[in-house]
Amino acid sequence: MTIDLKENERLDELQRNGYRIIQNPEKFCFGMDAVFLTEFAHAREGDRLLDFGTGNGILPILMEAKYHCAELTGLEIQADSADMAVRSVAINGLSDKIHIVVGDIREADAIFQPASFDCITCNPPYMIGKHGIANPCEPKAIARHEILCTFEDVAFQAARLLKPGGHFFLVHRPFRLAELMTGLVRHKLEPKRMQLVHPYADKEPNMMLLEAVRGGRSGMRVEKPLIVFQEPGVYMPEVRRIYAC
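Residues numbered from 1 in each chain as written. Predicted model: local features only at pLDDT ≥ 70, side-chain atom pairs only at ≥ 80, totals over all residues. Heavy atoms only, no water.

## Side note on the overall build of the protein chain
A count of helical and extended segments in the protein chain gives eight helices and 13 strands. Relative to its 245 residues, the protein chain shows a buried fraction of 49%. Considering only intrachain contacts with a sequence separation of at least 6, the fraction spanning at least 24 residues in the protein chain is 70%. Accessible surface, the protein chain: about 11600 Å² in total, of which carbon and sulfur atoms supply 53%. (Helix = DSSP H or I, 4+ residues; strand = E, 2+ residues; numbered from the N terminus. Buried < 20%, exposed > 50% of the residue type's maximum accessible area, 1.4 Å probe, protein only. Contact = heavy atoms within 4.5 Å. Areas by Shrake-Rupley, 256 points an atom, 1.4 Å probe, with all protein chains shown as cover.)

## Thoughts on the packing of aromatic side chains
Applying the stated criterion across every chain yields a total of five aromatic pairs. Taking the centre distance of 5.5 Å and the plane angle of 85° together, the rings of F112 and F117 count as edge-to-face. Both residues of the pair, F112 and F117, count as buried. Three or more aromatic residues joined by ring pairs make a cluster, and in this case those are F36, Y200, F229, Y235 and Y243. The ring of F117 is capped by R48, whose NZ or CZ atom sits 4.6 Å from the centre of that ring. (Phe/Tyr/Trp six-rings, centres within 6.5 Å; stacked < 30°, edge-to-face > 60°. Lys NZ or Arg CZ within 6 Å of the ring centre and 35° of its normal.)

## Describing the packing of helix α1 (residues 32-40) against helix α2 (residues 58-67)
The geometry of α1 relative to α2 is characterised by a closest axis approach of 10 Å and an angle of 35° between their N-to-C directions. Crossing handedness for the pair α1 and α2: right-handed. On α2, the residues that touch A34, V35, L37, T38 and E39 of α1 are I58, L59, L62, M63, K66 and Y67. Here the contact of α1 with α2 is built from residues that sort into eight nonpolar, one polar and two charged. (Axes fitted to C-alpha atoms, helices over the stretch in contact; angles between N-to-C directions. Left-handed = near helix turned anticlockwise from the far one by under 90°. Nonpolar A, V, L, I, M, F, W, Y, C, P; charged D, E, K, R; others polar.)

## Some remarks on helix α3 (residues 79-91)
Owing to its 3.6 residues per turn, the α-helix brings residues three or four apart onto one side. For α3, built from 13 residues, the straight-helix expectation of 18 Å at 1.5 Å per residue is met to within 8% by its first-to-last C-alpha distance of 18 Å. For α3, the set of buried residues is S81, A82, M84, A85, R87, S88, V89 and I91. In the segment just after α3, G93 is the residue with positive phi, at about 70°. (Expected span 1.5 Å × (residues − 1).)

## Structural notes on the side chain of S81
With respect to the helices and strands, the residue S81 is situated in helix α3. Once you skip the residues sitting within four places of it in the chain, S81 turns out to touch G55, N56 and E76.

## Structural notes on the pattern of salt bridges
Taken as a whole, this structure holds 20 salt bridges when the rule is applied. Linking R10 and D12 is a salt bridge whose minimum nitrogen-to-oxygen distance equals 2.8 Å. On the basis of relative accessibility, which here comes to 37%, the residue R10 falls in the partly exposed class. With its nearest N and O atoms 2.7 Å apart, the salt bridge here joins E179 to R176. E179 sits in the partly exposed class, given a relative accessible area of 37%. The network of salt bridges with shared partners includes K6, E9, D83 and R87. (Salt bridge = Lys/Arg side-chain N within 4 Å of Asp/Glu carboxyl O.)

Have a look at this one:
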């Protein structure tokens, strides 16, 4: 099929089922966090999955490649990013399985039926407030900072849209761990599993992966840490395995 690329866009290979994705470095490109979240998550072929803040659609595409979910939906507030996601889904022949919806996470329960999803994934903005932002309307600022929604909004909506026993998977930064845990519990999303990601074995973690279950029982498992680099520019074997999947 004809690939419709717009100004500053490029087409990248995902090394998954021959899938490709449209990206625009002027706006935002996916990183390790999306790849690690896909590896950390789990889903069944019959599941309905929702991705909050889907951007260019990277998580639904990766989740379909790995878990072959029956139906995947990406919710994205920025029309330009959603347009890239729609075109990426189309070039991979996935338009019958992956649906991109333009909308606000804060209004997700008015867009979708309550308790209608088996899994929700989210790679939310990590930073609080607008410190250091030159233009809060820029796509990169919206992706990185809590400008258009907060984690409280994300947790509230996840609790509304997950089926009882449904799974919520997210990637975030360790410096907000206490806030995230209390927020999840407040909305009856019980933290069940956590993995910390370290850039090097002797460095503190700079990323964490969390799984919570709606209405789950108390008790959480901490997975062994994921170390990214063996030395500068050289991935650890586990990371090479993840990227080679």
